[in-house]
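Summary of the model geometry
Chain residues, written in single-letter form:
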Amino acid sequence: MKPRTFLSIALATVATAAVLITSLEGQGQSPTKKTPQNRFIPRGRAAPEGPAQFFSMPGSKTAVNGDNPSSREAVTGFDDLTNGYFEQGPDFDTITEDNVEPLRSYNDGRFIFEEKETAEDGLGPTYNTQSCSACHQNIVTGGASQIAEHRTGHTFNGQFFESPGGSLIQSRATFPDIVEHVLPVDTVRTFRMSTNTMGDGYAECVSDSTLTAIRDAQPPDMQGTAPEVAVLEGDGSAGVGRFGWKCQHRSLLSFASDAYLNEMGITSPLFPDENTSQGMFVGYGTIYDPLPEPEDDGTDPQAFVNFMRSTKAPPRGPITPDVHFGENKFNQIGCNICHVSTIVTAAAGTPINGGAFTVPAALANRRLHPYSDFLLHDIGTGDGIPIEPTPQFAGTASQIRTAPLWGLRTRNRLMHDGLSFTADDAIQRHGGQAAAVRDAFNALGDFQKAQIFDFLNSL
Ligand code: HEC
Ligand code: HEC
């Protein structure tokens, strides 16, 4: 966000308002506003978003509606170039804070995604880092990174309670006295690694019906869960969540707006309420926050989304004969039941995200190779934290999204918590719904295992 000219006035009034710290001031501007928790309860059921498209699945259930011969490969590359959805725009190196036009092009969107925010821009009062790319950059902007976050809470009588102010513990603040700390009582504790966002424009254009068809094609004891979440820009309509370790969002705009607030402390129309510090109000009207909400008018979240929708999917490394044999083994033992290799996006013109977005030609009818079903599974690694602390999401506490393996060779801290150092460590943690497949892996000879690792290292 660009600094606002009225900032100095705001700062001056804040000095006098500081004595009136009251949690009421940040609330109730809008009479129709729902409580934060209600906003995440989806309205209705997820719409199919057109017929299910092709996906690969072992066994006889492979083709839903047949393979679509007219589908084209998704564009891949670590080259900072657009996949064709948004135009490339002016030379990236010529873009500055003064001439950037956030919604003009891929390069403008990338500039906003990389832009370091300051307190004058709305950063904080509690936050994690200063730019999206601080956590999403590897090999290029939009990728994953080694940055992990804290999420905490506790369970009482079998019910999960978030830490005061939410399960995400912000690790930085603009003032030393409001840095959040984990309370001793909050014994449900996890790290969550920063995920990749490259190629997520394609993932967003996979119709809900395709994801539920993948679920329905999985063997009963390995069947995933397709959680229905609220699409905030779609008036809270239900959609099949697919982004984040918990599939907690269906749309990139909901996720980007969430991230702008929860990672950087910048409020925008879909997330208009400032974060607290362990439940203490630190928003506008207190000494901690000079800017009224929303701190951004929605331009920056849209710029993040335009950029992410235009990113190419992670490209493969060299495909040697061993890589090829390794993939065959990976398929034979059933890894690809969850780590689905091919999924085709919806047709151009399909309304998705509760009608808030229409699949554009550049992202339509594309074959992607995410090596994920974008569904939740219980493989014994669940972090104990549900999508939302409400009864309908309780089951998600023990589940994690099948980690998309595209771009795997660019990551060296694996699983949601980043606590697996090697692919073999990660595989050994596969229990629960993946236990039989893990056992099949362990029964292979060293040579075959080595080929599977060659394959994984090519992703
Ligand atoms: C402090 C690090 C950090 C910053 C800064 C950050 N993110 Fe993230 N991002 C994460 C983590 C961690 C996850 C996984 C969160 C989870 O599932 O709980 C994530 C997940 C995502 C996802 C979901 C991708 C997928 O397929 O799983 C999107 C989209 C995203 N971030 C967008 C953004 C945008 C846009 C910004 C800037 C406004 C941003 N992030 C800033 C750490 C960060
Ligand atoms: C029942 C579904 C399922 C099956 C079968 C399965 N996985 Fe996974 N896989 C997951 C889930 C869920 C995660 C994420 C778990 C977590 O982060 O806690 C994951 C994570 C991984 C990761 C870590 C990726 C990263 O970016 O951190 C690797 C590597 C992996 N799986 C490889 C395999 C291999 C190899 C097989 C076959 C031997 C396999 N998986 C079978 C569901 C499955």
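Overview of the structure. (Residues numbered from 1 in each chain as written. Chains lettered and ligands numbered in written order. Predicted model: local features only at pLDDT ≥ 70, side-chain atom pairs only at ≥ 80, totals over all residues.)

The environment of ligand 2 is formed by 30 residues, the closest being Cys335, Cys338, Thr381, Leu414 and His416. Of all the elements in the fold, those that place two or more residues in the shell around ligand 2 are helix H9 (423-428) and helix H10 (435-442). (Near = placed C-beta within 6 Å. Helix = DSSP H or I, 4+ residues; strand = E, 2+ residues; numbered from the N terminus.)

For the rest of this paragraph, the subject is unusual backbone geometry. A cis amide bond links Asn138 with the next residue in sequence, Ile139, at an omega value of -5 degrees. Position of Ile139 relative to the elements: it lies in the loop between strand S2 (126-127) and strand S3 (148-156). Residues Glu293 and Pro294 are joined by a peptide bond in cis, for which omega reads -10 degrees. Mapped onto the elements of the fold, Pro294 is located in the loop between strand S11 (280-281) and helix H7 (299-310). In the Ramachandran plot, Glu49 falls in the positive-phi region, its phi being about 60 degrees despite a non-glycine side chain. Owing to 24 C-beta atoms within 10 Å, Glu49 belongs among the buried residues under this scheme. Phi at Tyr371 is positive, roughly 50 degrees, even though this residue is not glycine. (Buried ≥ 20, exposed ≤ 12 C-beta atoms within 10 Å, placed from the backbone.)

Another aspect to go through is helix H6 (residues 252-264). With 13 residues, H6 should cover 18 Å at 1.5 Å per step; its first-to-last C-alpha distance of 17 Å lies within 8% of that length. Of all the 13 residues making up H6, twelve are buried; the element is thus mostly covered by neighbouring parts of the structure. For H6, the complete set of buried residues consists of Leu252, Leu253, Ser254, Phe255, Ala256, Ser257, Asp258, Ala259, Tyr260, Leu261, Glu263 and Met264. Backbone geometry just downstream of H6 places Gly265 in the positive-phi region, at approximately 80 degrees. (Expected span 1.5 Å × (residues − 1).)

Whenever strands of a sheet pair, they do so through backbone hydrogen bonds, lying parallel or antiparallel. If you trace the three strands from one edge of the open sheet to the other, you get S1-S15-S12, paired in mixed fashion. A strand with exactly one partner marks an edge of an open sheet, and here the two such strands are strand S1 (72-73) and strand S12 (343-344). (Pairing = 2+ DSSP bridges.)

Let us now look at the nonpolar core. Grouped together as the largest cluster of nonpolar side chains are 92 residues, with contacts concentrated most on Cys205, Ile214, Ala256 and Phe304. Among the elements that make up this core, the one with the highest residue count is H6 (eight residues). With near-sequence residues (within four places) excluded, Ile214 lies in contact with Phe55, Met57, Val340, Asp373 and Leu375. (Core = buried A, V, L, I, M, F, W, Y, C linked by C-beta atoms within 7 Å. Contact = placed C-beta atoms within 7 Å.)

On to the site of ligand 1. Ligand 1 sits among 27 residues. The nearest are Asn128, Cys132, Cys135, Gly244 and Ala259. Contributions of two or more residues to the shell around ligand 1 are made by strand S7 (188-193), H6 and H7. Among the elements that line the shell around ligand 1, the one with the most residues is H6, at seven residues. Partitioning the shell around ligand 1 into residue classes produces 15 nonpolar, seven polar and five charged. (Nonpolar A, V, L, I, M, F, W, Y, C, P; charged D, E, K, R; others polar.)

The quantities given are spatial measurements derived from coordinates; they are silent on function.
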